[in-house]
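Inside the fold
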Amino acid sequence: MTEPLGTDARPLRVAIVGAGPAGFYAAEALLKQQNLVCQIDIFNRLPTPYGLVREGVAPDHQSIKAVTRVYDKLAAAPNLRYFGNVTFGRDIFHEDVTQLYDQVVYAVGAQSDRKMGITGEDLDGSFPATIFVGWYNGHPDYCDLTFDLSHERVLVVGNGNVAMDVARILATDPEDLAKTDIADHALEALRKSKVREVVMLGRRGPAQAAFTNPELREFGELNGVDVIIDPADMELDEVSEASLADDKTARRNVELMRTYAERGNTGAPRRIVMRFLVSPVGIIGSGNRVAAVTIERNNLKQAADGSLKARGTGKYETLQCGMLLRSVGYRGSPIPGVPFSDSSGTIPNVAGRVFQDRDEVIPGEYVVGWAKRGPSGIIGTNKPDSVSTVAAMIEDIPSLEAIPDEKRGLHMIEELLRSRGVDYVTYADWKILDAHELAAGAAQGRPRVKVTCVDDMMKIIRAGR
Ligand code: NAP
């Protein structure tokens, strides 16, 4: 008789694709199950784990990165293995994971960005903020990029926390950033930066901003930076003012912005200007480069669902700038062999169970994090999100068509990767690189000095193995 799945005799084999917070929280939820014996393999495209904690969280937000200690603890579990430097769709494929694992969890995040759909968006000097974030955080995909900061003004479109991050990094005194783990190439470029003004463009009003209180408070605490807000923008329409009663974050945001608007210009060397009720409608180039942006003034119109939407008024203005960062949201990208909804930019699912078409569930395949719900929420939001997907996974075990016993060998995935010439990175390997970065950081009084290209990472790992 076959032993039940999830027991010592027949552990549940789970593959998690993606080693960001959502992937680790899925592993944690599985490891915490009473009466479940499982063996988890986490695959990650980069050699380095932690996803957006390493490549997204701003370098001056070190305390947020302390969450990686939790992930390190999980990775020390004897029944969890890490396979870094393994690209899904190139080194391993959908058919591999479905043949070697009873369940597969996609934790691939949102790897791309939303477009605004206006003219000139592809000119040199117009970038998605996600790329700029990856660049200053030492993401290997962007380590070769250069950003021209030889001009005075950058425009940042959007009023979310990513827009706040990029505006703050551009305005912060580089010597303050030099104490962080910002990528060396970015520090060097920011030290030479001539940018003196960062203008944030919010399409709706101050009461509708998506950013949160701590990020806004930080603006007011930056050395050598004035936060400029037109006091007229702080006179809210009736519906916006009323909305503050039930929204503590927005209320506190508005209070803080009113203090900034009052403080005004103190003659600081750098400025963050927060504009509201404006939308870029076209980017103007000089040759191939961004030179200016046409913005349209908006007003707010209440939609049928009660929300306030931005509506153009037909009044335009032109702002000169040397660079434009659009920070209007991340977007998921399809991964080979896995369903993808183009409209939502996510892997279609119900409660974390992957769906093929409208109502055909794919047995044994699940999704967590931004790939499941879209690019929203802070790192901690991923924990309950992953817990709920794992609940569905556990519920499905009795009806699962398990992989055959001859496919259960733990060595099989290692042999498969080796046969394909993949030099996969174990957690012990990552710790070699981690130690290298920490030591380099300690020598400079910084948390770490990041290695930013995969070849260099692999050289350090191979030398230390
Ligand atoms: P977000 O919070 O969804 O904000 C997107 C912003 O873009 C909104 O202000 C939105 O305005 C605006 N927008 C969208 N389409 C636009 C358009 N066509 N034209 C002009 N503006 C447009 O996204 P995010 O900033 O990328 O952040 C993603 C998630 O990560 C968020 O949950 C965020 O809180 C989180 N995050 C957290 C931290 C932190 O905790 N420190 C740091 C970074 C990111 P509307 O409101 O009008 O749609």
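In this report, we go over the structure that sits alongside the text. (Residues numbered from 1 in each chain as written. Predicted model: local features only at pLDDT ≥ 70, side-chain atom pairs only at ≥ 80, totals over all residues. Heavy atoms only, no water.)

**Quick notes on the site of the ligand**
Heads up, the condition is: The cutoff for a nearby residue is simple: one of its non-hydrogen atoms must lie within 4 Å of the molecule or strand. Pairs of N or O atoms are called polar contacts if they sit within 3.5 Å, as long as, within protein, a hydrogen donor faces a hydrogen acceptor (for residues adjacent in sequence, only side-chain-to-side-chain pairs). Going along the chain from the N terminus, every DSSP run of H or I of four or more residues is numbered as a helix, and every run of E of two or more is numbered as a strand. Residue type decides the class: Asp, Glu, Lys and Arg count as charged, Ala, Val, Leu, Ile, Met, Phe, Trp, Tyr, Cys and Pro as nonpolar, and the leftover types, Gly among them, as polar.
For the ligand, the set of nearby residues contains 20 residues, the closest of which are Asn-159, Arg-203, Arg-204, Glu-215 and Gly-377. Contact distances for the ligand include 2.6 Å between a nitrogen atom and a side-chain N or O atom of Glu-215. With respect to the ligand, the backbone of Gly-377 contributes an N or O atom lying 2.6 Å from an oxygen atom. At three residues, the largest contribution of residues to the shell around the ligand is made by helix α7 (residues 161-171). For the shell around the ligand, a count of residues per class yields eight nonpolar, eight polar and four charged.

**Examining the packing of helix α1 (residues 21-31) against helix α14 (residues 382-396)**
A pair of packed helices is captured by two measures, namely the crossing angle of their axes and the spacing between those axes. This is how the line gets drawn: Axis geometry follows a simple rule: fit a line to the C-alpha atoms, using only the stretch in contact for helices, then measure angles between N-to-C directions, giving values from 0 to 180 degrees. Convention used here: angles under 35 degrees read as roughly parallel, angles over 145 as roughly antiparallel, angles from 65 to 115 as roughly perpendicular, and any remaining angle as oblique. When the near helix sits turned anticlockwise from the far one by under a right angle, the crossing is termed left-handed; a clockwise turn instead gives a right-handed crossing. Throughout, a contact is declared for two residues whenever any of their heavy atoms are within 4.5 Å.
Put simply, α1 and α14 touch, their axes get as near as 8 Å, and they point 50° apart. What the angle tells us is that α1 and α14 run oblique. At the point where α1 passes α14, the crossing takes the right-handed sense. Note on element contacts: α14 touches α1 through Asn-382, Lys-383, Ser-386, Val-387, Val-390, Met-393 and Ile-394, opposite Pro-21, Ala-22, Tyr-25, Ala-26, Glu-28, Ala-29 and Leu-30. Of the residues assigned to the contact of α1 with α14, the class counts are ten nonpolar, two polar and two charged.

**Things to note about unusual backbone geometry**
The phi torsion of most residues other than glycine is negative, and most of the peptide bonds are trans. Here is the rule we go by: Classification of residues uses two cut-offs on accessible area relative to the type maximum, computed with a 1.4 Å probe and protein chains only: under 20% is buried, over 50% is exposed, and between them is partly exposed.
Unlike most non-glycine residues, Leu-277 shows phi in positive territory, near 55°. As for its position among the elements, Leu-277 is in the loop between β10 (270-275) and β11 (278-286). Look at Leu-277 and you get buried, because its relative accessible area is 18%. The backbone of Ala-351 shows a phi angle near 55°, a positive value even though the residue is not glycine. In this structure Ala-351 comes out as partly exposed when scored by relative accessible area, which is 46%.

**Concerning the nonpolar core**
Threshold: Note on terminology: a nonpolar core comprises buried Ala, Val, Leu, Ile, Met, Phe, Trp, Tyr and Cys residues joined through side-chain atoms within 4.5 Å. Domain start and end points were adopted from an automatic or database domain assignment.
Formed by 56 residues in total, the largest nonpolar core has its most connected members in Phe-132, Tyr-136, Leu-170, Phe-219, Met-274, Met-323 and Leu-325. It is α7 that contributes the most residues to this core, seven residues altogether. For this core, the two domains that each supply at least three residues are domain 1 (12-111 + 331-425) and domain 2 (115-328). Beyond its immediate sequence surroundings of up to four residues, Phe-132 is in contact with Phe-147, Val-166, Leu-170, Met-323 and Leu-325. Among the nonpolar cores identified, the runner-up in size contains 44 residues, and Leu-12, Leu-36, Cys-38 and Ile-461 belong to it.

**Structural notes on helix α17 (residues 454-464)**
Here is the rule: It is the directions from the helix axis to the C-beta atoms that the arc portrays.
Within α17, the full set of buried residues consists of Met-457, Met-458, Ile-460 and Ile-461. Along the long axis of α17, the arc covered by the buried residues comes to 160°, so they all point the same way. α17 presents Asp-455, Lys-459 and Ala-463 as exposed residues on the side facing more than 90 degrees away from its buried surface. Considering only its buried residues, α17 is in contact with α2 (52-55) and α16 (427-443).

**Some remarks on the packing of aromatic side chains**
The condition is simple: Stacked, tilted and edge-to-face are the three classes applied to pairs of Phe, Tyr and Trp rings, where Trp contributes its six-membered ring and a pair requires centres within 6.5 Å; stacked means planes under 30 degrees apart, edge-to-face means over 60, and tilted covers the rest.
Tallying each qualifying case throughout the model produces 15 aromatic pairs. Seen in terms of ring centroids, Phe-132 and Tyr-136 are 5.5 Å apart; in terms of plane orientation they differ by 85°. Their pairing is edge-to-face. Taken as a pair, Phe-132 and Tyr-136 lie in helix α6 (residues 129-136) at a separation of four residues, close to a single helical turn. Side by side, Phe-132 and Tyr-136 carry an identical accessibility label, which is buried. Each ring, one from Phe-132 and one from Phe-147, has its centre 5.0 Å from the other, and the planes form 90°; the classification is edge-to-face. Taken together, the residues span a long stretch of sequence, with Phe-132 in helix α6 and Phe-147 in the loop between α6 and β7 (153-157) at a distance of 15 residues. Judged on exposure class, the residue Phe-132 and its partner Phe-147 are both buried.

**So, the sheet that holds β11**
Going by this rule: Two strands pair if DSSP finds at least two bridges between them.
Spatially, three strands are ordered β11-β12-β13 in an open sheet, and the strand pairing comes out antiparallel. Looking along the sheet, the strands with just one partner apiece sit at the ends: β11 and β13 (308-320). The average angle at which neighbouring strand axes cross in this sheet is 20°, direction not considered. Alignment of β11 against strand β12 (residues 289-302), held across eight bridges, turns out to be antiparallel. Residue pairing in the sheet places Ser-286 in a bridge with Arg-289 of β12.

These figures come from the coordinates and say nothing about function on their own.
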